[in-house]
Amino acid sequence: MITSVLVANRGEIACRIFRTCRELGIRTVAVHSDADENALHARVADTAVRLPGAAPTETYLRGDLIVKAAVAAGADAVHPGYGFLSENADFARAVIDAGLVWIGPPPEAIEAMASKTRAKQLMGIPSLDQDRITESDLPVLVKAAAGGGGRGMRIVRRLADLDGALEAARAEAASAFGDGEVFVEPYVEGGRHVEVQVLADTHGTVWALGTRDCSLQRRHQKVIEEAPAPGLSDELRDELHSLAVRAARAVDYVGAGTVEFLVSSAGSAHFLEMNTRLQVEHPVTEAVFGLDLVAEQIRVAEGHALETGPPRARGHAIEARLYAEDPAAGWAPQTGTLHRLAVPGDVRLDTGYGDGDGIGVHYDPMLAKVIAHAPTRAEAVRRLSGALERATIHGPVTNRDLLVRSLRHKEFTGAGMDTGFYDRHLAELTAPDPDPYAPLVAALADAQSRVSRFGGYRNLPSQPQVKRYTTAGEEHEASYRHTRAGLEADGVRVVTATPGLVVLEADGVQRKFEVTRYGDQVYVNATALTALPRFPDPTAQHAPGTLLAPMPGTVVKIADGLAAGAAVQAGEPLLWLEAMKMQHKITAPVTGTLTALHAVCGAQVDVGALLAVVEVSQEDQ
């Protein structure tokens, strides 16, 4: 029997595995980098072991250090979670060689499927020859042979872009997985991403636990997932189940795994890969089948046999991944303090963050997964979108509004989505829509906050008071007056105004606004605002051609030959920043001449750091 489990991972998945371990009476061991010393997963574990350093290559990708940590902490088993070393056969062998139980598939199965090129060969599916691709082969997808999560992937629609895509994918894959091998396969336009969860024991039983649809993706990384995949014919569903079981049996698979497919608009299935680990989206399968997949992984690792068949599926489940990122700014990851995260309603919340935790630059920007289960798909959509809409999220910019709008989009509610959903709809889904009353509410709450500190005296109380805020990138002014009857504002009646609650009446309808403030950041219900100083700082202005770092990160590449004096075009790539395991292309803000280049390859930069200056061409002024 397993008595103590070390999770070779961090964040949400470590916390989720620890939860099941506690329910089973199993002691828990966390590993943490220096950047994660106070992270939630390190706090909730029974024991935590430090991995010196911050970058994944120094810490969570160091299998030797993790095995030593497990032995030192007295663990008798290791669970890899997902990502990092979860699909590394050498790590699995090292765990087993150390006399520990590996809660995962055999190293040989991992090895057979870990390389997507070898997996395709095993399934009899050839990859394209990178050196012989022609225009007739386009579009194609460049893909990392190891790992997943959308890293090391590029769509190529022009032959001239192929070499650059291969180079960028190799660099990103090497950084994320320690393996720069990539391959090229046809890109299925308008396809759906459908997968099958499998679970196998050591006695020859393999379960196919239904389908999941994961078509809503950004940068080839899933955003919204659901089970079962809607709209599949019985014949196609049976075919997917059969192929998934065949893939598992082909490598004598043991434990939880996922076989992924692209389903074309014509209904044909194209094998993508087998992920030899637990998937991020496993909770939707758990909800539909009433299972705890982590508990099943542990039981299988202990040698227990599965029943002859899986439980019966019930209802529909949908998961949304909440990211600290700005979808309207090229999905740029965000950092800072997560002051508050609370999601109401009958939903499941899996997170690796607690209130007050910091969100850094070293790891994936996912804050949490929110999962809703209901008897029907429509009910699950309504439950999840409503919970997200009412959630309290105080901190960096997130994709919450995008998630709510996506779930309510007619293409999604009608189950007509495919992997090009965000390519078609991103602009409308990220259009600013701040609450028009939010600036006034913030100003009224601020006025009452100052009353509580300084009393009722005001100089010239009959004069309008003005406060300035920015929200959704735009500046707003809010005006109100102090009267003997209380606060007044044009166009509305102020029913209640306190530092934390404002009630306004407009056209006979009363609306309630909850207000929370952290320094200059103000949250009015779901609208985030920044209070501006009364007199702007003239030194804070930047010339039109100033290029500032949109996020903290590491400069990993500068465009070939780029130097002061070079002519650049607006939108031309100048350099690349790596942040949160992804590479981000930084482009010229205007057309002109590069007059200064402050970025240095390998240097860490903070958000807002000066990277370069482009002098605007005269014809563009």
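Structure first, text after, so check above.
Here's a quick rundown of the structure. (Residues numbered from 1 in each chain as written. Predicted model: local features only at pLDDT ≥ 70, side-chain atom pairs only at ≥ 80, totals over all residues. Heavy atoms only, no water.)

Considering the packing of aromatic side chains
Moving on, step 1. Throughout the structure, instances matching the rule amount to eight aromatic pairs.
Moving on, step 2. With a centroid separation of 5.9 Å and an interplanar angle of 75 degrees, the aromatic rings of Tyr518 and Tyr523 are classed as edge-to-face.
Moving on, step 3. On the accessibility criterion, Tyr523 (4% relative accessible area) is buried.
Moving on, step 4. A network of ring pairs unites the aromatic residues Tyr60, Phe84 and Tyr363 as a single cluster.
Moving on, step 5. A cation over an aromatic ring shows up here: Arg377 above the ring of Phe412, its NZ or CZ 4.6 Å from the ring centre.
Moving on, step 6. Cation over ring: Lys557 sits above Trp576, and NZ or CZ is 4.6 Å from the ring centre. (Phe/Tyr/Trp six-rings, centres within 6.5 Å; stacked < 30°, edge-to-face > 60°. Buried < 20%, exposed > 50% of the residue type's maximum accessible area, 1.4 Å probe, protein only. Lys NZ or Arg CZ within 6 Å of the ring centre and 35° of its normal.)

Some thoughts on the sheet that holds strand 1 (residues 4–7)
Remark on secondary structure: sheet strands pair via backbone hydrogen bonds, oriented parallel or antiparallel.
Moving on, step 1. Read across the sheet, five strands follow the order 3-2-1-4-5 without closing on themselves; strand pairing throughout is parallel. In this open sheet, the two strands that pair with only one neighbour each are strand 3 (47–51) and strand 5 (101–102).
Moving on, step 2. Running over the sheet, helix 3 (residues 63–73) touches strand 1, strand 2 (27–33), strand 3 and strand 4 (77–79) and is turned about 150 degrees from strand 3. (Pairing = 2+ DSSP bridges. Helix = DSSP H or I, 4+ residues; strand = E, 2+ residues; numbered from the N terminus. Contact = heavy atoms within 4.5 Å. Axes fitted to C-alpha atoms, helices over the stretch in contact; angles between N-to-C directions.)

A closer look at helix 7 (residues 162–177)
Moving on, step 1. With 16 residues, helix 7 should reach 22 Å at 1.5 Å per residue; the first-to-last C-alpha distance of 22 Å fits that figure.
Moving on, step 2. Here helix 7 has its buried residues at Leu162, Ala165, Leu166, Ala168, Ala169, Glu172, Ala173, Ala176 and Phe177.
Moving on, step 3. Immediately downstream of helix 7, the backbone of Gly178 shows phi near 75 degrees, a positive value. (Expected span 1.5 Å × (residues − 1).)

Points about the pattern of salt bridges
Moving on, step 1. If you walk through the whole model with that rule in mind, you get 45 salt bridges.
Moving on, step 2. Its salt-bridge partner being Glu167, residue Lys557 comes within 3.5 Å of it at the nearest N-O pair. Linking Lys557 in strand 32 (residues 553–558) with Glu167 in helix 7, this pair joins segments that are 390 residues apart in sequence.
Moving on, step 3. Classification of Glu167 as partly exposed rests on a relative accessible area of 45%.
Moving on, step 4. A salt bridge links Arg237 to Asp234; its shortest N-O distance comes to 2.9 Å. Within this pair, Arg237 and its partner Asp234 are both found in helix 8 (residues 234–250), separated by three residues, close to a single helical turn.
Moving on, step 5. Judged by relative accessible area, which is 46%, Asp234 ranks as partly exposed.
Moving on, step 6. Each of Glu195, Arg212, Lys222, Glu225, Glu260, Glu281 and Arg321 takes part in one network of salt bridges that share partners. (Salt bridge = Lys/Arg side-chain N within 4 Å of Asp/Glu carboxyl O.)

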